[in-house]
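Chain residues, written in single-letter form:
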Amino acid sequence: MAHCDRIWRNARLATFAPDRPGIGEVDNGIVAAKDGLIVYAGPAGDAPALDAADIVDCGGRWITPGLIDCHTHLVHGGDRAHEFELRLAGASYEEIARAGGGIVSTMRATRAATEAELVAAALPRLDALIAEGVTTVEIKSGYGLALDHEIKQLRAGRRLGRERPVTVATTFLGAHALPPEYADDADAYIQTVADEMIPAIAAEGLADAVDAFCEGIGFSPAQVDRIFSAARAHGLPVKLHAEQLSNLHGAALAASFGALSADHLEFLDMDGIAAMARAGTTAVLLPGAYYFVRETKLPPVEALRAARVPIALATDCNPGTSPLTSPLLVMNMAATLFRLTVPECLAGMTREAARALGMLDRAGTLEAGKRCDLAIWDVERLAELVYRMGFNPLHARIWSGR
Ligand SMILES: O=C(O)CC[C@@H]1NC(=O)NC1=O
Ligand SMILES: [Fe+3]
């Protein structure tokens, strides 16, 4: 008889385990946890003899892995509601950015905030994600655009993981936009990011990955290459905002560095897809940004499927293009706008999101040895999680077995 801390019984499991077809459905299943890890997840009838300190009857409810939001800019100062009104009056995202608005206006608000103020401003956004079953969240910097302020953002991100029962992965995104002090010398800024910021942030262990914005209003492939070479030199994995507004072949560049993910991808082409497939780079689709900027170019979902490129989903929660803190709405948008299937949407916010963070060995599926992160749902069919808009059927959220 093996001892465990808690068993969740009388449940329908969506394990997303690779050795089970589709969503890895188990009709009458149990999940057993010890010291925050899953020791068994599967049919009750196949379970080993277990002696649990606590048994929870789930009343036939569905259990999925805890949701994972693998792409957010959760930590930032201020908001961009005024720019939203400018866009309603016809200004484009690029026009606002080139006029000194956009990311740089959030930079000013972020630089003016203390670390504690950034944490306080992000907590309601994090609580909204947690309320819908998120147990892991990725948080980028990229609004400081100077070493001390980028460090401040990353420390705030780490602190959020201590303030709430949630796992935080931080990503350095110094190459997000050109700060005013480098207005006429992007290459000089890139050199500062590569030669000063990445070494300092790596030395302090503040970032789990490095990201960049490869775009006409962001940075060129050559500049991204410089950033990624510095990340690799300091042992940090990379991911990339790629092909969001145009095709600069950023996804192929990211894949050449073995990137964890390439994100957005509305303008991704077949060469980029092939490169991602070869490299095992996950596609992270961000329907909230597509919807909010009223993009019309759809990401090539059918070609990604055909090339067996893993597809993850995320909120891209940020004040400019995706002020969104609902993973449930992300799944509805991915199905409604991008035509992903229900299983693809659910996998996109669990197993594939874990893959995009390089965490699939410890999260994202209901398998022994992984963190016991669960979301328990009051739905008859799991499709209701994707079908409904603005309705939250979460019954309970478990993080690390608690
Ligand atoms: O507008 C912002 O504040 C960030 C937008 C966000 N960053 C990026 O590289 N692409 C995006 O959609
Ligand atoms: Fe983003």
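Residues numbered from 1 in each chain as written. Chains lettered and ligands numbered in written order. Predicted model: local features only at pLDDT ≥ 70, side-chain atom pairs only at ≥ 80, totals over all residues. Heavy atoms only, no water.

Per an unreviewed UniProt entry, the protein chain goes by Imidazolonepropionase and derives from Edaphosphingomonas laterariae. As its UniProt record puts it under Pathway (unreviewed entry), the protein chain is described as follows: "Amino-acid degradation; L-histidine degradation into L-glutamate; N-formimidoyl-L-glutamate from L-histidine: step 3/3." The Catalytic activity (unreviewed entry) field of the UniProt record for the protein chain holds the comment "4-imidazolone-5-propanoate + H2O = N-formimidoyl-L-glutamate". (UniProt positions renumbered as here; feature names shortened; annotations may be inferred.)

A. Highlighting the domain arrangement of the protein chain. Taken domain by domain, the protein chain holds domain 1 (2-66 + 365-398) and domain 2 (68-181 + 212-224 + 240-357). Inter-centroid distance (C-alpha atoms) of domain 1 to domain 2 is 29 Å. Facing the 24 residues of domain 1 at the interface are 24 residues of domain 2. Of the roughly 1,800 Å² buried where domain 1 meets domain 2, counting both sides, 63% is carbon and sulfur surface. Where domain 1 packs against domain 2, one counts 0 salt bridges. (Domains from an automatic or database assignment. Contact = heavy atoms within 4.5 Å. Buried area = accessible area lost by both parts, 1.4 Å probe. Salt bridge = Lys/Arg side-chain N within 4 Å of Asp/Glu carboxyl O.)

B. Layout of the site of ligand 1. Of all residues adjacent to ligand 1, which total 13 residues, the nearest are Arg80, Tyr93, Tyr143, His176 and Thr321. In the environment of ligand 1, an oxygen atom lies 2.6 Å from a nitrogen or oxygen atom belonging to the side chain of tyrosine 143. A distance of 2.7 Å separates an oxygen atom of ligand 1 from a polar atom in the side chain of threonine 321. Looking at the shell around ligand 1 residue by residue, the classes come out as 4 nonpolar, 7 polar and 2 charged. (Near = heavy atom within 4 Å. Polar contact = N/O pair within 3.5 Å; in protein donor to acceptor, adjacent residues only side chain to side chain. Nonpolar A, V, L, I, M, F, W, Y, C, P; charged D, E, K, R; others polar.)

C. Spotlight on the UniProt feature "binding site: Fe(3+)" (unreviewed entry) in the protein chain. The UniProt record annotates "binding site: Fe(3+)" (unreviewed entry) at His71, His73, His241 and Asp316. Spanning 246 residues, the named residues nonetheless gather at one spot, since no C-alpha pair among them exceeds 12.2 Å. Mapped onto the fold, histidine 241 is located in strand E10 (residues 239-242). Reaching out from histidine 241, the side chain makes a polar contact with the side chain of histidine 71 at a distance of 3.0 Å. Its place among the elements puts aspartate 316 in the loop between strand E13 (311-313) and helix H12 (327-336). (Helix = DSSP H or I, 4+ residues; strand = E, 2+ residues; numbered from the N terminus.)

D. Here's a closer look at the pattern of salt bridges. Summed over all chains, the structure comprises 22 salt bridges. For arginine 159, the salt bridge goes to glutamate 115, with nearest N and O atoms at 3.1 Å. With a gap of 44 residues between them, arginine 159 in helix H5 (residues 147-163) and glutamate 115 in helix H4 (residues 115-131) connect regions that are remote in the sequence. We note a salt bridge from aspartate 195 to arginine 226, for which the minimum N-O separation is 2.9 Å. With aspartate 195 in helix H6 (residues 186-203) and arginine 226 in helix H7 (residues 221-233), this residue pair connects regions lying 31 residues apart in the sequence.

E. A look at the coordination of the iron ion (ligand 2). Donor atoms from the polypeptide that coordinate the iron ion (ligand 2) comprise His71 (NE2), His73 (NE2), His241 (NE2) and Asp316 (OD), at 2.1 to 2.3 Å from the metal. Around the iron ion (ligand 2), the 4 donor atoms sit at angles spanning 83 to 169°, and that spread fits a shape best called irregular. As a motif over one chain, the donors of the iron ion (ligand 2) read H-x1-H-x167-H-x74-D. With histidine 241 in strand E10 and aspartate 316 in the loop between E13 and H12, the pair connects residues that are 75 residues apart, well separated along the chain. Accessibility classification places histidine 241 together with aspartate 316 in one group, the buried group. (Donors = N, O, S within 2.8 Å, 3.2 Å for Na, K, Ca; no water. Tetrahedral: all angles 85-135°; square planar, octahedral: opposite > 155°, others 65-115°. Buried < 20%, exposed > 50% of the residue type's maximum accessible area, 1.4 Å probe, protein only.)

F. Here's a closer look at the packing of aromatic side chains. Tallied over the entire structure, the rule returns 5 aromatic pairs. Arranged with centres 5.1 Å apart and planes meeting at 80°, the rings of tyrosine 290 and phenylalanine 338 form a pair that is edge-to-face. Note that tyrosine 290 is positioned in helix H10 (residues 287-292) and phenylalanine 338 in the loop between H12 and helix H13 (342-348), a separation of 48 residues in sequence. By relative accessible area, tyrosine 290 is classed as buried at 10%. Residue class for phenylalanine 338 comes out buried when judged on its relative accessible area of 5%. Members of the aromatic cluster, each reached through a chain of ring pairs, are Tyr182, Tyr189 and Phe219. A cation sits over an aromatic face here: arginine 388 above phenylalanine 391, 5.1 Å from the ring centre. (Phe/Tyr/Trp six-rings, centres within 6.5 Å; stacked < 30°, edge-to-face > 60°. Lys NZ or Arg CZ within 6 Å of the ring centre and 35° of its normal.)

G. Structural view of H6. With 18 residues, H6 extends 25 Å from end C-alpha to end C-alpha; this agrees with the ideal 26 Å at 1.5 Å per step. For H6, the complete set of buried residues consists of Tyr189, Ile190, Thr192, Val193, Ala194, Met197, Ile198 and Ile201. Its buried side turned inward, H6 meets H5, strand E8 (167-175), strand E9 (209-214) and H7. Immediately beyond the C-terminal end of H6, within one or two residues, lies glycine 205, with a positive phi of roughly 60°. (Expected span 1.5 Å × (residues − 1).)

H. Quick peek at the UniProt feature "binding site: Zn(2+)" (unreviewed entry) in the protein chain. If you check UniProt for "binding site: Zn(2+)" (unreviewed entry), the listed places come out as His71, His73, His241 and Asp316 in our numbering. Residue contacts for histidine 241: discarding those within four places in its chain leaves His71, His73, Lys140, Leu173, Asp211, Ala212, Phe213, Cys214, Asp263 and His264. Once residues lying within four places of it in the same chain are set aside, the contact partners of aspartate 316 are Asp69, His71, Thr72, His73, His264, Leu286, Ala289, Thr321 and Ser322.

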